[in-house]
Amino acid sequence: MIQLSAPFTEDKIRALKVGDMVELDGIVFTARDAVHKWLHEGNEPPVSLKDGIIYHCGPVVLKKKGKWVVTAAGPTTSIREEPYQAGIIEKFGIRAVIGKGGMGEKTRLGCQKSGCVYLHAVGGAAQVLAEAIEEVENVYGLEQFGSPEAIWQLRVKKFPVVVTIDAHGNSLHKDIEESSKQRLVEVLGQGK
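Residues numbered from 1 in each chain as written. Predicted model: local features only at pLDDT ≥ 70, side-chain atom pairs only at ≥ 80, totals over all residues. Heavy atoms only, no water.

## Topic: the pairing of strand E7 (residues 117–120)
Of the strand pairs in this sheet, strand E6 (residues 96–99) and E7 are connected by four bridges, and their pairing is parallel. Bridging from a neighbouring strand, Ala96 pairs with Val117 of E7. Between the parallel elements E6 and E7, the chain passes through helix H4 (residues 105–114) in a crossover that is right-handed. Direction of pairing for E7 relative to strand E9 (residues 151–165): antiparallel, over a ladder of three bridges. What sits directly across from Tyr118, in E9, is Ile165. (Pairing = 2+ DSSP bridges. Helix = DSSP H or I, 4+ residues; strand = E, 2+ residues; numbered from the N terminus. Right-handed = clockwise from strand over helix to strand, strands pointing away.)

Below you can see the structure in the form of structure tokens.
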């Protein structure tokens, strides 16, 4: 298990490779469809995302004793952000994107160019992942976007993820897709 702590520098990110299991310590910003589209349209984020981590997540957040508390923080399917992600990575200096299900070729190339990685979080483990969130430090765009789409600034400790797209152009998702296609050809070819 690799411990990756802030600051999330390009050197630290480029040292990661596909298959590495990582525990994150530091700040993570949630961003889903509405925020990605809004940033893509030319809007500036309300906080610097340089050397930051974006988490495709719509957390379940409640107020307890005047403080925000995350009760569930499962990843959202990332491929929905494919039209926007590479441009956002490059424009804002993002170092990592967390989500589930992987991303496409445009994002793979964007990660390679900009020194970014895609980190896969386990789907279906929303409450377990919430336990790795120490604190909600801030929230941006709550009124504009609503709770699941807002930008939540989360301090995480030992947040578990796996590198599935690295900053060197490698993609576990692409490899699996290609090997699946090859296997399908083999299976269908044997039926003739």
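Here the narrative resumes.
## Digging into the pairing of strand E2 (residues 21–30)
Burial runs high along E2: nine of the 10 residues are buried. Bridge analysis of strand E1 (residues 2–5) against E2 gives four bridges, and the strand direction is parallel. Residue pairing for E2: Leu4 is matched across the bridge by Leu24. In the sheet, E2 pairs with E9 via eight bridges, with the strands oriented antiparallel. What sits directly across from Met21, in E9, is Val162. Pairing geometry for E2 and strand E3 (residues 53–55), over two bridges, is parallel. Within the sheet, the bridge partner assigned to Thr30 lies in E3 and is Tyr55. (Buried < 20%, exposed > 50% of the residue type's maximum accessible area, 1.4 Å probe, protein only.)

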